[in-house]
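Summary of structural features
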Amino acid sequence: MSKITAAITAVGGYVPDYVLTNKKLEEMVDTNDEWITTRTGIKERRILKDSDKGTSYLAIQAAKECLKKNNTDPKDIDLVIMSTATPDMPVAATGVYVASQIGAINAFSYDLVAACSSFLYGMSTAASYIESGRYKKVLLIGADKMSSIIDYEDRATCIIFGDGGGAVLFEPSEEGYGVQDEFLRSDGIGRQSLKIDAGGSLMPASAETVANKQHFVFQDGKTVFKFAVSNMADVSAKIMQRNNLSADDVNWLVPHQANKRIIDATAKRMGLDDEKVMMNIHKYGNTTSATLPLCLVDYESKLKKGDNLVFASFGGGFTWGAVYVTWAYDSK
Ligand code: UT7
């Protein structure tokens with residue numbers, strides 16, 4: 001019997017309609033379009049304005065599009081993994097609600113939390129379930145309503161993040177397509193550099209934590225940048241080396257969209273030209289768990305069966321890694 005590999009067989013995505021441009025941010029904080037563009041590559045981001053909608057809304061739209069694209073009956077889904085840093089609520093996993101809302105009534109579901117690497121780690125988890133032979137259809141969703149945890153008076157963070165959701169379906173392949181290898185890492189040293197201090201068991205919510213704005217994201221950008229720029233490049237180069245992939249063999253880099261300069265450094269280290277690098281940070285900013293699947297959605301029509309893709313991310317924690325995938329289908 002041939003080895004089962006975990007192929008991506010469909011992708012779907014969703015971003016809200018409201019566009020927050022650099023120009024609009026200029027009216028909100030002391031910043032300017034030129035600074036944001038040259039330091040990050042971001043021009044605009046999408047914001048979910050409806051106060052009665054959380055991350056689950058983004059996830060549901062993305063998941064529905066994904067399943068519709070290849071006519072998958074939600075009742076056939078075995079597992080829904082919800083990668084997110086912004087669950088609807090601290091308790092009751094968001095994925096469980098999402099699974100029910102999309103009609104995945106025969107699935108079990110849970111949330112996977114690893115900041116900006118949540119989706120990348122989720123790829124590893126989803127692939128392992130498929131490779132084990134235990135499950136046949138695993139839906140991996142990455143979605144974040146980052147605007148719910150951002151202080152729009154803090155110019156160090158509010159210019160970076162946006163809202164969005166993406167979903168991919170993993171199914172068994174007997175032809176060897178899908179996830180080939182992974183190189184995942186984490187380091188708790190990062191906890192001080194990118195965090196939300198309050199609202200967890202260490203510092204429960206109080207009137208004081210609200211007054212001190214401790215429920216918003218804090219980022220020491222310089223430190224995170226230094227770790228990100230070397231580690232994302234390192235793991236990407238490492239996974240190429242381990243799989244004997246030359247720059248010519250790699251068709252696409254699918255990088256976490258945190259900063260164009262980090263992406264460029266990773267591509268350079270891999271020896272890849274710009275046209276092999278998926279980039280949509282200018283449109284969406286950093287959507288945390290949604291960046292990788294939203295790249296796939298935007299570039300799906302260009303992907304060909306057999307293409308070699310290297311996914312790479314770096315995020316809070318710190319969490320980072322690279323996953324090597326061979327693409328399983330030509331776009332319809
Ligand atoms: O996805 C999770 C992982 N996150 C990341 O990978 C993010 C990594 N970090 C970064 O992308 C970058 O560090 C930032 C984009 C966040 C910041 O860029 P930077 O080049 O590291 O800028 P900086 O923090 O060193 O700030 C440089 C200057 C400072 O002014 P002084 O001290 O030199 O006078 C900041 O106060 O730019 C100032 N500054 C701004 N100016 C205009 C900081 N934010 C802004 C702003 N507009 N929005």
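Residues numbered from 1 in each chain as written. Predicted model: local features only at pLDDT ≥ 70, side-chain atom pairs only at ≥ 80, totals over all residues. Heavy atoms only, no water.

This part takes up the domain arrangement of the protein chain. When cut into domains, the protein chain gives domain 1 (5-176) and domain 2 (180-326). The C-alpha-based centres of domain 1 and domain 2 are spaced at 14 Å. Taken together, the contact pairs 50 residues of domain 1 with 46 residues of domain 2. Looking at the side of domain 1 facing domain 2, the largest losses of area belong to Cys-116, Leu-120 and Tyr-121, adding up to 18% of the total buried there. (Domains from an automatic or database assignment. Contact = heavy atoms within 4.5 Å. Buried area = accessible area lost by both parts, 1.4 Å probe.)

The next point concerns the site of the ligand. Near the ligand lie 22 residues; those nearest to it are Thr-31, Arg-39, Lys-222, Asn-259 and Asn-286. Between the ligand and Gly-221 there is a distance of 3.0 Å, counted from an oxygen atom to a backbone nitrogen or oxygen. Considering the ligand on its own, with 950 Å² of exposed area, one finds that the protein chains cover 74% of that surface. Listing elements by their share of the shell around the ligand, those giving two or more residues are helix H2 (33-40), helix H8 (221-242) and helix H9 (260-270). Top contributing element to the shell around the ligand by residue count: H8, with 4 residues. Split into classes, the residues belonging to the shell around the ligand amount to 10 nonpolar, 7 polar and 5 charged. When residues of the shell around the ligand are assigned to domains, at least three fall in each of domain 1 (5-176) and domain 2 (180-326). (Near = heavy atom within 4 Å. Polar contact = N/O pair within 3.5 Å; in protein donor to acceptor, adjacent residues only side chain to side chain. Areas by Shrake-Rupley, 256 points an atom, 1.4 Å probe, with all protein chains shown as cover. Helix = DSSP H or I, 4+ residues; strand = E, 2+ residues; numbered from the N terminus. Nonpolar A, V, L, I, M, F, W, Y, C, P; charged D, E, K, R; others polar.)

Counted according to the given criterion, the structure contains 13 salt bridges. For Arg-155, the salt bridge is made with Asp-30, and the minimal N-O distance between the two is 3.7 Å. In this pair, Arg-155 sits in helix H6 (residues 155-158) while Asp-30 sits in the loop between helix H1 (22-28) and H2, placing the two residues 125 residues apart along the sequence. Among the ionic pairs, Glu-300 bridges to Lys-69, the shortest N-O distance being 2.7 Å. Note that Glu-300 is positioned in the loop between helix H11 (291-299) and strand E12 (308-315) and Lys-69 in helix H3 (residues 55-69), a separation of 231 residues in sequence. Since its relative accessible area comes to 12%, Glu-300 is described here as buried. Linked by salt bridges that have partners in common, Asp-151, Glu-153 and Lys-213 make up one network. (Salt bridge = Lys/Arg side-chain N within 4 Å of Asp/Glu carboxyl O. Buried < 20%, exposed > 50% of the residue type's maximum accessible area, 1.4 Å probe, protein only.)

Here the structure, examined in full by the defined rule, presents 10 aromatic pairs. Here the aromatic rings of Trp-327 and Tyr-329 are separated by 5.0 Å at their centres, their planes lie at 40°, and the arrangement is tilted. When sorted by exposure, Trp-327 lands in the same class as Tyr-329, which is buried. What links up through ring pairs into an aromatic cluster is the set Phe-108, Tyr-110, Tyr-129 and Tyr-135. (Phe/Tyr/Trp six-rings, centres within 6.5 Å; stacked < 30°, edge-to-face > 60°.)

A cluster of basic residues, Arg-39, Lys-222, Lys-226 and Arg-261, forms a positive patch on the protein surface. Take Lys-222: it is sitting in helix H8. (Patch = residues over 30% accessible without salt bridge, like charges linked within 9 Å, V, L, I, M, F, W, Y side chains within 5 Å. Lys, Arg positive; Asp, Glu negative; His and termini not counted. Charge placed at Lys NZ, Arg CZ, Asp CG, Glu CD.)

For Ile-60, the position within the fold is in helix H3. On the accessibility criterion, Ile-60 (9% relative accessible area) is buried. Along the sequence, Ile-60 and Phe-225 sit 165 residues apart, while their C-alpha atoms lie 32 Å from each other. Ignoring any residue separated from it by four or fewer positions in sequence, one finds Ile-60 in contact with Tyr-97, Val-98, Gln-101 and Ile-102.

Turning our eyes to something else, we now look at the packing of H8 against H9. Packing of H8 against H9 leaves a shortest axis separation of 9 Å and a crossing angle of 30°. By the angle between their axes, H8 is roughly parallel relative to H9. Between H8 and H9 the crossing geometry is right-handed. Taken together, the residues of H9 that come into contact with H8 (itself represented by Phe-225, Ala-228, Val-229, Ser-230, Met-232, Ala-233, Asp-234, Ser-236, Ala-237 and Met-240) are Arg-261, Ile-262, Ala-265, Thr-266, Arg-269 and Met-270. Grouping the constituent residues of the contact of H8 with H9 by class yields 10 nonpolar, 3 polar and 3 charged. (Axes fitted to C-alpha atoms, helices over the stretch in contact; angles between N-to-C directions. Parallel < 35°, antiparallel > 145°, perpendicular 65-115°, else oblique. Left-handed = near helix turned anticlockwise from the far one by under 90°.)

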